[in-house]
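# Reading the structure
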Amino acid sequence: MSDLKSEMVQLLARYGHIGFTFVACIFIGLGAGIYLDQKVFDGSTAPWFTFIGLAFGIAAAFKSMLEILWKYSGDDRDNKPGPRKK
């Protein structure tokens, strides 16, 4: 594969990882909140745990996104041309 194609595949994998993780965190938090409302507390707390689960899911999604971006930003600095600092 040419360098351009391999770089495009690598970037697609990075952004796909961010998107999939972001959506998965939100759905897991929302699902946990719905489960708590409907199964554990028999609907007496609806929709409070759904909102709380959604908020935790969104917070986890942003935390995960920032961790992934910080991890990848360190990789980009290593690949830049020029003198390297040791």
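Source: prediction; values computed, not measured.

If you tally the helices and strands in the protein chain, you get two helices and zero strands. Counting the 86 residues in the protein chain, one finds 19% classified as buried. Intrachain contacts of the protein chain at a sequence separation of at least 6 include 58% that bridge at least 24 residues.

Looking now at helix H1 (residues 3-40). Relative to the 56 Å expected for 38 residues at 1.5 Å per residue, H1 spans 53 Å between its end C-alpha atoms, a close match to the ideal helical length. By the burial criterion, the buried members of H1 are Arg14, Ile18, Thr21, Cys25, Ile26, Gly29, Gly33 and Asp37. At the exit of H1 stands aspartate 42, carrying a positive phi of roughly 50°.

On to the side chain of threonine 50. Following the sequence through the fold, threonine 50 ends up in helix H2 (residues 48-78). In terms of polar contacts, threonine 50 uses its side chain to reach the side chain of aspartate 37, at 2.7 Å.

With that out of the way, let us pick up unusual backbone geometry. The residue after alanine 46, namely proline 47, is reached through a cis peptide bond having omega 0°. Note that proline 47 resides in the loop between H1 and H2.

Here the focus is the packing of aromatic side chains. Following the criterion strictly, the structure yields three aromatic pairs and no others. Judged by centre distance (5.0 Å) and plane angle (5°), the rings of phenylalanine 41 and phenylalanine 49 are stacked. For phenylalanine 49, a relative accessible area of 25% puts it in the partly exposed group.

Take the environment of phenylalanine 41 next. Note that phenylalanine 41 resides in the loop between H1 and H2. When its relative accessible area of 35% is taken as the criterion, phenylalanine 41 is described as partly exposed. Beyond its immediate chain neighbours, meaning those up to four positions away, phenylalanine 41 contacts Leu36 and Phe49.

Let's shift gears to the side chain of serine 64. Looking at the secondary structure, you find serine 64 in helix H2. Every residue in contact with serine 64, bar those within four places of it in the chain, is listed here: Thr21 and Cys25.

On the surface, Tyr35, Leu36, Val40 and Phe41 cluster together to form a nonpolar patch covering roughly 350 Å² of accessible area. Inspection of the secondary structure assignment puts tyrosine 35 in helix H1.

Thresholds applied
- Residues numbered from 1 in each chain as written.
- Predicted model: local features only at pLDDT ≥ 70, side-chain atom pairs only at ≥ 80, totals over all residues.
- Heavy atoms only, no water.
- Helix = DSSP H or I, 4+ residues; strand = E, 2+ residues; numbered from the N terminus.
- Buried < 20%, exposed > 50% of the residue type's maximum accessible area, 1.4 Å probe, protein only.
- Contact = heavy atoms within 4.5 Å.
- Expected span 1.5 Å × (residues − 1).
- Polar contact = N/O pair within 3.5 Å; in protein donor to acceptor, adjacent residues only side chain to side chain.
- Phe/Tyr/Trp six-rings, centres within 6.5 Å; stacked < 30°, edge-to-face > 60°.
- Patch = residues over 30% accessible without salt bridge, like charges linked within 9 Å, V, L, I, M, F, W, Y side chains within 5 Å.
- Areas by Shrake-Rupley, 256 points an atom, 1.4 Å probe, with all protein chains shown as cover.
- Salt bridge = Lys/Arg side-chain N within 4 Å of Asp/Glu carboxyl O.

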